[in-house]
Amino acid sequence: MNKSDLRIVFLGTPDFAVESLRRIHAEGFNIVGVVTMPDKPAGRGHHLLQSPVKQYAVACGLPLLQPVSLKDPEFLAQLKALDANLFVVIAFRMLPREVWQMPRLGTFNLHASLLPKYRGAAPINWAVINGDTITGVTTFFLKHEIDTGDIIAQESISISPDENVGSVHDRLMTLGADLTVKTLSSIINGTLTTTSQDALVGDTEPTPAPKIFKDTCHIDWRRPAREIHNLVRGLSPYPAAWTTLSDAADSTKDLTIKILKTAVSDHNSSAAPGTITAERGALRVATADRDIYIIELQPQGKRPMDIVAFLNGARISPSHSFINP
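Not measured: the values here are computed from a predicted model. (Residues numbered from 1 in each chain as written. Predicted model: local features only at pLDDT ≥ 70, side-chain atom pairs only at ≥ 80, totals over all residues. Heavy atoms only, no water.)

*Asks:* Where do I start with the side chain of R23 in this structure?
*Replies:* Assignment of secondary structure puts R23 in helix α1 (residues 15–26). You can call R23 buried: its relative accessible area is 18%. Setting aside residues up to four positions removed in sequence, R23 forms contacts with A177, D178 and V181. (Helix = DSSP H or I, 4+ residues; strand = E, 2+ residues; numbered from the N terminus. Buried < 20%, exposed > 50% of the residue type's maximum accessible area, 1.4 Å probe, protein only. Contact = heavy atoms within 4.5 Å.)

Now the structure itself:
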């Protein structure tokens, strides 16, 4: 088989998927169609926002489908008419059986974890939130149960103790594009092999990586400092961990603040969790064990800023504290 024989439909939406699409296209693989989400209204003017995958596909003149429903008969007919023998899925919706079973060579997915660990919508976030030191990417063939199909290949990277999810995301995006191209090459060369995820259970236990919600991001200062630090970096820069700055003297001035960067102190906390102390251009917060320093934050309605800039404009008094959930 050569590259022109491998007729590929690519399904994806965000930036994470674009890098793999770009690499596949640049390597000369035969992309016969791209499927992405419909345009969505955004901003105050409700202007239609195109997905990053759509923007790339349009710029390169690739055939594009944007179904509202993946079970729509008209969409299924259009997809079948592309006569693809392989689907590649990266950061897209859950596919119905009618879609992923369509191509003769199957449908493979690039997932941003070392499966079977972190099955679900937010694997990169949860790896950092949980303080993992290693993560990676996996290609696997789809089956009905989400993220459970047979593994084709995996690549891993280390996570440094203070690295945030934005940095890990970008490195995995590049690593994932490399692995996607390698997987396609193995299909063409006839060297592809697979491993059942069940065979890996024991060495790597299946763990969930559910979608991140607002409550997930709410900081509980009653937790240990290291857990809070990992939560902050696992949500930074987006969607960001948050807390409420409260003034006991005037509760009407409560302010929601996103915490973007922290550092764990060597000193044990002596005050109630959430108690804050402003000193010499630094902001220290008491937790369940050690104090934690706020390095970068974003007050509601303002841009991200370092702590020095925040303290220059804020009047922090002994009556201020961060509220626990």
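*Asks:* Looking at this structure, how should I read the layout of surface pockets?
*Replies:* Volume-wise, the largest pocket comes out at about 1700 Å³. Elements supplying a minimum of two residues to the lining of the largest pocket: α1, β7 (107–111), α5 (123–129) and α6 (165–189). Looking at the lining of the largest pocket residue by residue, the classes come out as 26 nonpolar, eleven polar and eight charged. Roughly 340 Å³ of internal volume is contained in the second largest pocket. Lining the second largest pocket are 15 residues, with L245, L255, F310, A314 and R315 positioned closest to its centre. No other element matches the three residues that helix α8 (residues 307–313) contributes to the lining of the second largest pocket. Among the residues forming the lining of the second largest pocket, the class breakdown is eight nonpolar, three polar and four charged. (1 Å grid on protein atoms, 1.4 Å probe; cavity = no way out; pocket = protein on both sides within 12 Å on 5 of 7 lines; lining within 4 Å. Points joined across faces, edges and corners; volume = space filled by probe spheres on them. Nonpolar A, V, L, I, M, F, W, Y, C, P; charged D, E, K, R; others polar.)

*Asks:* Looking at this model, I keep getting lost on the pairing of strand β13 (residues 282–285). Mind explaining?
*Replies:* A regular strand carries its side chains on alternate faces of the sheet. Sheet topology places strand β12 (residues 276–279) next to β13; four bridges connect them, and they run antiparallel. The residue of β13 that forms the bridge with A278 is L283. Here β12 folds back onto β13 in antiparallel fashion, the turn holding two residues, of which R280 has a positive phi close to 50°. Sheet analysis places β13 next to strand β14 (residues 290–299), joined by three bridges and oriented antiparallel. Note on β14: the bridge partner recorded for R284 is Y293. (Pairing = 2+ DSSP bridges.)

*Asks:* Teacher, can you tell me more about the packing of aromatic side chains here?
*Replies:* The geometry of two aromatic rings is summed up by the distance between their centres and the angle between their planes. Applying the stated criterion across every chain yields a total of one aromatic pair. Aromatic side chains W221 and F322 sit 5.3 Å apart centroid to centroid with 15° between the ring planes, which places their arrangement in the stacked category. One end of the pair, W221, is in the loop between α6 and α7 (225–234); the other, F322, is in strand β16 (residues 320–323), and 101 residues separate them in sequence. Exposure class is identical for W221 and F322. Each is buried. (Phe/Tyr/Trp six-rings, centres within 6.5 Å; stacked < 30°, edge-to-face > 60°.)

*Asks:* Sorry if this is basic, but what is going on with α6 here?
*Replies:* Three or four residues apart is the spacing at which side chains of an α-helix point the same way, because the helix has 3.6 residues per turn. Relative to the 36 Å expected for 25 residues at 1.5 Å per residue, α6 spans 35 Å between its end C-alpha atoms, a close match to the ideal helical length. The backbone nitrogen of G166 lies 3.1 Å from a side-chain oxygen of the residue at the head of α6, namely N164. Downstream of α6 by one or two residues, G190 has phi in the positive range, about 75°. (Expected span 1.5 Å × (residues − 1). Polar contact = N/O pair within 3.5 Å; in protein donor to acceptor, adjacent residues only side chain to side chain.)

*Asks:* How should unusual backbone geometry be read in this particular structure?
*Replies:* Of the consecutive residues S236 and P237, the connecting peptide bond is found in the cis state with omega at 10°. The amide bond that connects Y238 to the next residue, P239, takes the cis arrangement and shows omega of 5°. Within the secondary structure, P239 is located in the loop between α7 and β10 (241–247). Unusually for a residue other than glycine, Y118 sits at a positive phi of about 60°. Within the element layout of this structure, Y118 appears in the loop between β7 and α5. The residue A240 is not glycine, and still its phi comes out positive at about 85°. Here A240 shows up in the loop between α7 and β10. Its relative accessible area of 3% is what places A240 among the buried residues.

*Asks:* For this particular structure, what's the right way to read the pattern of salt bridges?
*Replies:* Between side chains of opposite charge, a pair can form when the charged atoms approach closely. Evaluated as defined, the whole model comprises twelve salt bridges. The shortest N-O distance in the salt bridge between E19 and R22 comes to 2.7 Å. One end of the pair is E19 and the other is R22, both in helix α1 and three residues apart, which spans about a single turn. Given a relative accessible area of 17%, E19 falls into the buried group. For the salt bridge of E279 with R284, the shortest nitrogen-to-oxygen distance reads 3.1 Å. Linked through salt bridges whose partners overlap, the residues forming this network are R23, E27 and D178. (Salt bridge = Lys/Arg side-chain N within 4 Å of Asp/Glu carboxyl O.)

Any functional reading would require information that these geometric values do not contain.
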